[in-house]
Amino acid sequence: MKINQQTVSWLQVAPLTVVLLVFFGIPMLIVAAVSFFDYERWQIVPAFIFDNYVELFQSSLTLRLYVTAIKYVVIVWAVTLIIGFTVAYFLVFHVRSLTLKMGLFLLCTVPFWTSNIIRMISWIPFLGRNGVFNTGLEELGIIDQPLSFLLFSDFAVIVAYVHLNTLFMIVPIFNSMARIDPGLIEAAHDAGASRWRVIWEVVLPLSKTGIALGSIFVITLVMGDFFVVKIMSGGQSATVVSALATEIASLQYPPAAASAVVLVVIVALMVSAILRLVDVRRELTG
Amino acid sequence: MASDTRKGDIELVAVTKRFGDMVAVDNVSLRIPHGAYCCLLGPSGCGKTTILRMIAGHETPSQGDIRIGGESVAGQSPLRRGTAMMFQAYALFPHLSVLDNVAFSLKMRGLDREERQQQARELLTKVRLDHFADRLPAQLSGGQQQRVALARALITNPRVLLLDEPLSALDEYLRLRMRGELRRMQKQLGITFVHVTHTQLEAIAVADMLVVMDQGRIEQSSSPDKIYNTPRTAYVARFIGGQNVLSGKVESVSDGIATLRDAGGARLTAPVGNARPETGSQLYLSIRRDRVEVAKTAGNVADPGEANVVRGKVHSIEYQGSYAKVTIDLAQPEEFVANVSDVDFLRAPVEIGDDVLARWLPAHVRLLEGAGGSGDQRIYADAELI
Amino acid sequence: MHSTADQSRPWTFYALAAFFTLFVLFLYGPMIVIYVLSFQGPNGGLTFPLQGVSLHWFDALIKQERTGDIAGAFRRSIGLAAMVTVLTVVLSVMAGLAFRRRFAGAGLVFYMAIASLIMPGLFVSLGIGLVFQMLGVTPTWYGSALGAQLTWTLPYGLLIMFAVLGRFNRAYEEAASDLGASNWQRLRHVTLPIVLPGIIGVALFGFTLSYDEFPRTVLTSGSSNTLPLEIWAMTTDVTSPALFAVGTVTTVISFIVIGLALTSIALIERRRLRRVSSLDESSTVG
């Protein structure tokens with residue numbers, strides 16, 4: 001009995017699909033549904049009301065949270081983009097030996113495979129008043145009072161975000177750049193372009209896909225984070241998801257769900273805006 | 001293991017293969033006798049590889065049937081058919097040693113380790129690679145990889161061996177040497193070889209039977225010398241190389257010879273046999289490049305009344321060792337080349353820009369069918385005679 | 001970037017190399033600080049200077065003073081990571097094979113996987129938690145948390161398989177068929193062995209992503225914590241360098257796993273890809 005090839009594919013993809021449906025698809029639908037529920041002190045009441053959304057949009061807190069989140073996103077995106085592009089550029093175009101190239105690339109990626117939380121809190125002894133950085137600067141005589149803005153501040157939050165997420169910029173940009181035909185660079189040189197023109201006219205456009213992918217990763221990671229901001233700002237700052245986490249902790253599920261839905265929609269809009277600008281499908285399937 | 005005693009003659013019966021809207025093979029019928037070395041020759045996209053893969057069983061015909069040894073092989077696996085294929089880049093399993101590569105089909109059939117390794121070793125000794133049995137394919141050179149691929153295919157004792165551009169991955173020097181190897185091996189084994197290539201010289205060198213293809217159809221199928229001496233169409237003449245294609249309008253026909261007038265006003269003759277082409281109709285003919293004589297002519301000599309003489313300016317001269325390739329500008333757009341032997345050229349050299357007459361014997365002219373193959377006026381790379 | 005004839009490096013090379021070094025220091029610096037601090041003396045605090053060098057805090061971990069149920073959390077994390085690894089490999093490989101053909105619904109599955117990848121982990125956690133609560137099922141680290149982590153690892157596994165199978169040359173499979181292999185034999189003896197490095201990559205991602213996973217696990221692990229959750233609890237009242245000791249130990253484990261995976265991939269690739277010049281024909285032809 002010859003089994004249809006399509007059926008074979010269905011059978012093979014079924015387990016993964018089932019897991020994703022059960023643990024992602026359905027839960028997301030439930031969250032969306034719960035966002036319309038009502039709630040009392042310690043339980044949620046199935047209903048279909050818009051109150052949660054109304055409260056969300058009417059609250060000035062919401063706006064502040066989003067402003068904070070977007071502020072972080074923009075700064076982190078810019079910093080990771082510059083660092084990511086520069087590092088990738090260095091690895092692809094200035095490192096000649098392939099083994100060294102891969103070795104250095106791995107060097108950058110290995111931290112990704114260790115605990116995020118540990119990496120994040122490792123900044124605390126580093127940036128604190130009595131931390132390595134301050135003590136070092138004091139010893140060198142550059143400052144005589146420890147810099148207090150280093151830790152438990154916006155600065156610390158951004159440093160942590162950059163520390164954790166630059167990798168997500170480096171990898172896609174590295175991939176895009178590595179695919180650029182070196183002959184193009186040489187041809188541009190032959191035609192008389194200066195180094196900066198070559199970057200602007202050749203490298204940058206051809207790295208667009210990588211930049212887009214990296215941006216999508218960084219934006220979704222920063223918008224969706226709650227623990228970095230909580231710890232590194234010392235509780236002073238809150239973003240959308242960290243406030244959401246607080247609501248969850250107090251069992252206020254419907255408003256948290258509504259907040260989640262709104263965030264997802266907004267992030268989806270940002271992502272599709274990026275996808276409109278750059279065609280990314282080739283990169284994923286190529 | 002007993003060799004496959006079934007006959008290895010191949011028959012394609014009105015085979016068509018479509019990929020979506022594209023017709024790769026168009027109603028092809030072909031008979032390849034048992035034990036022949038058959039070459040499928042043509043440019044990329046002509047359908048030759050598709051036919052090979054259909055014989056192998058890796059593609060199924062959209063229409064038509066394929067018979068091997070007289071029985072239809074539709075739906076049969078490659079192993080059942082008794083065919084084995086040598087892939088273009090050899091496709092040696094990179095994770096298996098040379099020995100395990102060769103023994104692979106035996107392992108699939110369930111032979112135990114000792115037996116299959118022993119058989120594999122025997123075959124490796126035949127191709128003189130037994131010392132490399134434990135190496136990985138990546139550690140072998142191109143020529144060695146090819147011999148492993150050959151051994152791996154032959155261990156299944158096929159009645160037909162299919163070779164997909166077997167020499168194109170090798171450098172020039174190896175290519176020439178391996179050509180002889182393949183021919184020798186085929187004669188020794190006595191099985192049918194079907195060899196796909198786009199290189200004319202390779203095809204004429206190895207084949208008993210040459211099939212020239214274009215755009216899914218067979219243009220001519222015959223022995224190499226027949227094709228070279230009497231190409232059927234202008235496409236074949238251009239593709240096989242070493243020919244000039246001329247054309248002219250019919251002025252008169254008598255005694256099986258048609259007299260034509262070409263675009264430049266020169267008179268040409270062509271043998272037409274019993275046919276009576278209409279006056280004014282356009283005929284195409286071919287004349288071998290090495291059958292053309294070249295002589296300098298004084299500038300203001302009136303056009304001679306002879307037939308089969310054309311006049312033009314020398315466009316370029318290429319030294320090729322035993323002959324000089326003299327390209328001449330004529331009134332027609334198509335290239336006209338005379339391959340002048342080095343002795344003749346030394347005796348009466350010409351230079352670029354000279355006015356020359358090119359002449360040939362009427363007996364060497366061949367009439368071509370049709371108006372130039374599939375209407376495609378591509379001019380193919382010259383076949384360089386070595 | 002300059003022509004290959006130019007052996008000397010332009011000034012930009014040194015500038016970029018310096019930048020790169022700074023970046024690597026930025027990545028690894030804080031972590032190294034933690035490692036050093038974990039050897040803090042018994043009376044030492046959370047920052048420099050080191051008051052004596054000792055294994056006191058590692059000892060504290062083993063004895064479980066001031067550290068909660070570290071051993072249990074550790075056991076659970078390893079166990080969970082092992083299960084996640086196995087499931088991720090099996091499901092991703094199967095699904096990857098499925099996607100080699102076109103089948104109805106392929107696009108949907110793909111987009112669901114991508115969505116699952118970029119969805120903030122907290123939301124997935126929330127959704128699963130809600131579902132379990134509604135169904136009246138207790139969340140457990142080996143049930144709901146397992147599913148939650150799979151929503152994170154399966155998309156990565158799938159993408160890796162796409163890349164690996166996309167590069168895979170079908171000629172190998174045709175050759176196998178030609179030599180008489182059945183579909184199953186082909187898969188077992190040719191396809192899977194050849195893409196083994198990719199499969200190891202999937203396993204590596206599965207393990208490390210699960211082992212360090214936090215947002216998806218935070219609401220789904222029920223009453224027993226995994227290691228990251230335990231660490232999180234410790235951060236909220238950072239009182240001793242025991243936390244740093246935990247950090248060091250867990251990072252060492254990660255490094256070991258990564259090292260094993262990368263070494264095996266390197267070994268396999270090196271054996272299979274060594275090139276030999278075509279002039280090296282020791283046995284004569286013809």
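Residues numbered from 1 in each chain as written. Chains lettered and ligands numbered in written order. Predicted model: local features only at pLDDT ≥ 70, side-chain atom pairs only at ≥ 80, totals over all residues.

### Let's talk about unusual backbone geometry
Residues and elements named next belong to chain B. Although it is not a glycine, asparagine 27 sits at a positive phi angle of roughly 50°. With respect to the element layout, asparagine 27 can be found in strand β2 (residues 22-32). In this structure asparagine 27 comes out as partly exposed when scored by C-beta crowding, with 14 C-beta atoms within 10 Å. The phi dihedral of asparagine 157 falls on the positive side, at around 50°, and the residue is not glycine. Looking at the element boundaries, asparagine 157 is found in the loop between α5 (142-154) and β7 (160-164). For asparagine 157, a count of 15 C-beta atoms within 10 Å translates into the label partly exposed. (Helix = DSSP H or I, 4+ residues; strand = E, 2+ residues; numbered from the N terminus. Buried ≥ 20, exposed ≤ 12 C-beta atoms within 10 Å, placed from the backbone.)

### Re the interface of chain A and chain C
Facing 66 residues of chain A, the contacting portion of chain C comprises 63 residues. Top contributing element to the side of chain A that touches chain C by residue count: helix α1 (residues 5-34) of chain A, with 21 residues. Across the side of chain A that touches chain C, the residue classes tally to 43 nonpolar, 20 polar and three charged. (Contact = placed C-beta atoms within 7 Å. Nonpolar A, V, L, I, M, F, W, Y, C, P; charged D, E, K, R; others polar.)

### Looking at the interface of chain C and chain B
Listed by partner, the interface residues are 25 residues for chain C and 35 residues for chain B. Going through the elements one at a time, α7 (170-178), α8 (183-194) and α11 (242-273) of chain C are the ones with two or more residues in the side of chain C that touches chain B. Residues that form the side of chain C that touches chain B fall into these classes: eleven nonpolar, six polar and eight charged.

### Comments concerning the sheet that holds strand β12 (residues 257-261) of chain B
Residues and elements named next belong to chain B. If you trace the five strands from one edge of the open sheet to the other, you get β13-β12-β11-β14-β20, paired in antiparallel fashion. The sheet is open, and its two edges are formed by β13 (267-271) and β20 (366-368), each paired on a single side. Each adjacent strand pair in this sheet contributes to an overall mean axis angle of 50°, direction not counted. Taken together, the five bridges between β12 and β13 define a ladder with antiparallel strand orientation. From the neighbouring strand, arginine 261 faces β13, where its bridge partner is arginine 267. (Pairing = 2+ DSSP bridges. Axes fitted to C-alpha atoms, helices over the stretch in contact; angles between N-to-C directions.)

### Side note on the arrangement of the chains
Here the protein chains form two pairs of chains in contact, of which the pair with the most contacts is chains A and C. Across the gap from chain A to chain B, with no contact made, the nearest C-alpha atoms are 12 Å apart.

### Things to note about the environment of glycine 265 of chain B
Locating glycine 265 of chain B in the fold gives a position in the loop between β12 and β13. It is 8.7 Å that separates the C-alpha atoms of glycine 265 of chain B and alanine 331 of chain B, two residues lying 66 residues apart in sequence.

### Overview of the pairing of strand β8 (residues 192-197) of chain B
Residues and elements named next belong to chain B. With six of six residues buried, β8 is to be regarded as a mostly interior element. On β8, burial covers both faces: Thr192, Val194 and Val196 on one face and Phe193, His195 and Thr197 on the other are all buried. With five bridges joining them, strand β3 (residues 37-41) and β8 adopt parallel strand pairing. From the neighbouring strand, tyrosine 37 faces β8, where its bridge partner is phenylalanine 193. Pairing of β7 with β8, which is carried by five bridges, proceeds in the parallel orientation. Looking across to β8, one finds that aspartate 164 is bridged to valine 196. Regarding the hand of the β-α-β motif, the stretch spanning β7, helix α6 (residues 172-189) and β8 is right-handed. (Right-handed = clockwise from strand over helix to strand, strands pointing away.)

Geometry only, nothing functional implied.
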